[in-house]
Amino acid sequence: MSILILLLGILVLFVLILKKINPMIALLAVAILTGLFLGMPAAKVMSSITSGVGSTLGSMVMVLALGAMMGKLIEDSGSAQRIVFILIKAFGKNNIQWAVLITGLMVGIPLFYNAGFVVLIPLVFAISAATGLSKLYIGLPMATALSVTHGFLPPHPGPVALAGIFHADIGKTLIYGLILTLPIAAVAGVLFPRLIIKKDQPILSTLVIEEGKNLPSAARSFITALLPVFLIVAGTVGSSINFPYVGKTFFVFLADPTAALLISVLITLFLQQNSIEKAMESCAEGVKSIAMIILIIAAGGAFKQILIDSGMGETVKNLTANLSLSPLILAWLITAALRVTLGSATVAALTASGMVLPLIGPNAPPELMVLSVGAGSLMFSHVNDTGFWMFKEYFNLTLKETFSTWTMMESIVSILGLIGVLALNQLNF
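The rules behind these values
- Residues numbered from 1 in each chain as written.
- Predicted model: local features only at pLDDT ≥ 70, side-chain atom pairs only at ≥ 80, totals over all residues.
- Heavy atoms only, no water.
- Helix = DSSP H or I, 4+ residues; strand = E, 2+ residues; numbered from the N terminus.
- Expected span 1.5 Å × (residues − 1).
- Bend = angle between axes of the 7 residues up to and from the residue.
- Axes fitted to C-alpha atoms, helices over the stretch in contact; angles between N-to-C directions.
- Parallel < 35°, antiparallel > 145°, perpendicular 65-115°, else oblique.
- Left-handed = near helix turned anticlockwise from the far one by under 90°.
- Contact = heavy atoms within 4.5 Å.
- Nonpolar A, V, L, I, M, F, W, Y, C, P; charged D, E, K, R; others polar.
- Buried < 20%, exposed > 50% of the residue type's maximum accessible area, 1.4 Å probe, protein only.
- Polar contact = N/O pair within 3.5 Å; in protein donor to acceptor, adjacent residues only side chain to side chain.
- Lys, Arg positive; Asp, Glu negative; His and termini not counted.
- Salt bridge = Lys/Arg side-chain N within 4 Å of Asp/Glu carboxyl O.
- Core = buried A, V, L, I, M, F, W, Y, C linked by side-chain atoms within 4.5 Å.

The next point concerns helix α10 (residues 170-196). An α-helical segment advances 3.6 residues per turn. Residues three or four places apart therefore align on the same side. Taking 1.5 Å as the rise per residue, α10 with 27 residues should run 39 Å; its terminal C-alpha atoms sit 36 Å apart, in good agreement. Its maximal kink placed at T181, α10 deviates by approximately 30 degrees, while the proline P183 follows within four residues.

What follows is the structure in structure tokens.
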């Protein structure tokens, strides 16, 4: 009966989102209704809601806010554009897809998906016009890179929220995510487009992209874009050394994503060319841009807590105990089913987290569970996903064309992500 109630709750959530109800309101309402129908006292339901919101945001709200500030500073300073121009020149016109892919990965680490897409889409169209290549041929590598970073790499909201819920080490999650990111992006973003998209015409002999004036230097652009990743990885590696040594405390401090991002923001403020007033406006705008995302994550945390406090997670664990499937596969399957049903990757991941949390154990380390759920949350994006429509409209595609390009690319990323997680688990990473 409890499973039936949960399925009905998910169905109600699906209908509400389909009716364009804000996901935060939908999640909160469904969380309360699900708790009540599962037999929880009203006072306990509200207590769980409060606890879920607090425990979810308490461990990550500063990470999300500082990450948004960082991304907006990089966007407004012109560092993202400078990186694009440098990589295009470095790779040349014959390897233009690789230039766009790596640009997307680098820009996608500090920027959220929508912001990265809007920043890079004019460059995609400019490259297409200069080379005569299909916009899709150039655009799919960009979209793939942004999608992979969104699903696998902190400080993006999904991975950060899951790391907090699963009590995973964000530094290790980032390192594992980086191991998976490039090969998955290469297959889905370079090989896949080459198989399905024909070049409109041979690459022209010249590739001219107008480079804006007053952009920051190459060194400054790369330092600011990659600094959070470097600091977190360096801190994680340094603090993981077993024997004590002078300075280990510093690496432990650096491994904390809040500390790493705060240092990155301060260094970026020092390096960027805009006035401090303009920089502070960028920081404020960055936080405003993710305010609703934070609220959706908070509501997702509330739903997660209802599922935990009601015993639903243990029910799922008991039902799957006799299955021979790995907990990592089960987590991926549950999340993928929710993604197809609900549309939003973040909502699907947060909803699944409360169900799969009890599955964490020796055969399913929390860091790999984060990546497994992250991979599942990217599966089969279709008409109930805003990313689907953004891609369709910008590239002026039919529904059939969007399914055969965007949806297929997202599904490839999701399936390869699961395969990569299972491989890392076998290698005892």
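Next comes the rest of the write-up.
The N-to-C vectors of helix α6 (residues 96-108) and helix α7 (residues 113-131) enclose an angle of 165 degrees; their axes lie 11 Å apart at closest approach. Here α6 is positioned roughly antiparallel relative to α7, judged by the angle of their axes. Two packed elements cross with a definite hand, and for α6 against α7 that hand is right-handed. Between α6 and α7, the residues in contact are I96, V100, T103, G104 and V107 and G116, L120 and I127, respectively. The residue makeup of the contact of α6 with α7, split by class, is 5 nonpolar, 3 polar and no charged.

So, on to the side chain of S134. Within the secondary structure, S134 is located in the loop between α7 and α8 (135-152). Accessibility expressed as a relative area gives 10% for S134, which makes it buried. In this structure the side chain of S134 is engaged in a polar contact, spanning 3.1 Å, whose partner is the backbone nitrogen of L136.

Relative to the elements of secondary structure, K248 occurs in helix α12 (residues 248-255). For the buried K248, no salt bridge exists, and the shortest N-O distance to an oppositely charged side chain is 12 Å, to D169. Excluding residues that lie within four positions of it along the chain, K248 makes contacts with G238, S239, I241, N242 and F243.

Time to look at the nonpolar core. Counting residues in each nonpolar core, the largest one holds 134 residues, and the members touching the most others are L13, F117, V356 and F391. The element best represented in this core is α8, accounting for 10 residues. The contacts of V356, once residues within four sequence positions are left out, are F166, A331, I334, M369 and V373.

In the structure shown here, the tally under the stated rule is 5 salt bridges. Note that E285 is salt-bridged to K288, the shortest N-O span being 3.6 Å. Taken together, the positions of E285 and K288, both in helix α14 (residues 276-289) and 3 residues apart, correspond to about one turn of that helix. Taking relative accessible area as the criterion, E285 reaches 40% and is therefore assigned partly exposed. Judged by its relative accessible area of 58%, K288 falls in the exposed class. Note that E393 is salt-bridged to K392, the shortest N-O span being 3.2 Å. A relative accessible area of 53% means that E393 is categorised as exposed.

For the rest of this paragraph, the subject is unusual backbone geometry. You will see that K20, though not glycine, has its phi angle at about 70 degrees, which is positive. Its place among the elements puts K20 in the loop between α1 (2-18) and α2 (23-37). The class for K20 is exposed, based on a relative accessible area of 75%. Here F380, not a glycine, exhibits a phi torsion of approximately 45 degrees, which is positive. One can find F380 in the loop between α19 (366-376) and α20 (386-394).

What follows is about α7. Given a rise of 1.5 Å per residue, 19 residues ought to cover 27 Å, and the 26 Å separating the end C-alpha atoms of α7 matches this to within 8%. Along α7, the sharpest kink reaches roughly 35 degrees, centred on L120 and followed within four residues by the proline P122. Listing the buried residues of α7 in full gives Y113, G116, F117, V119, L120, I121, L123, V124, I127, S128, A130 and T131. Buried residues belonging to α7 abut α4 (61-77), α5 (79-91), α6, α8, α20 and α21 (399-426). Positive phi appears at G132, one or two residues downstream of α7, with a value of about 80 degrees.

Shape is all these values report; function is a separate question.
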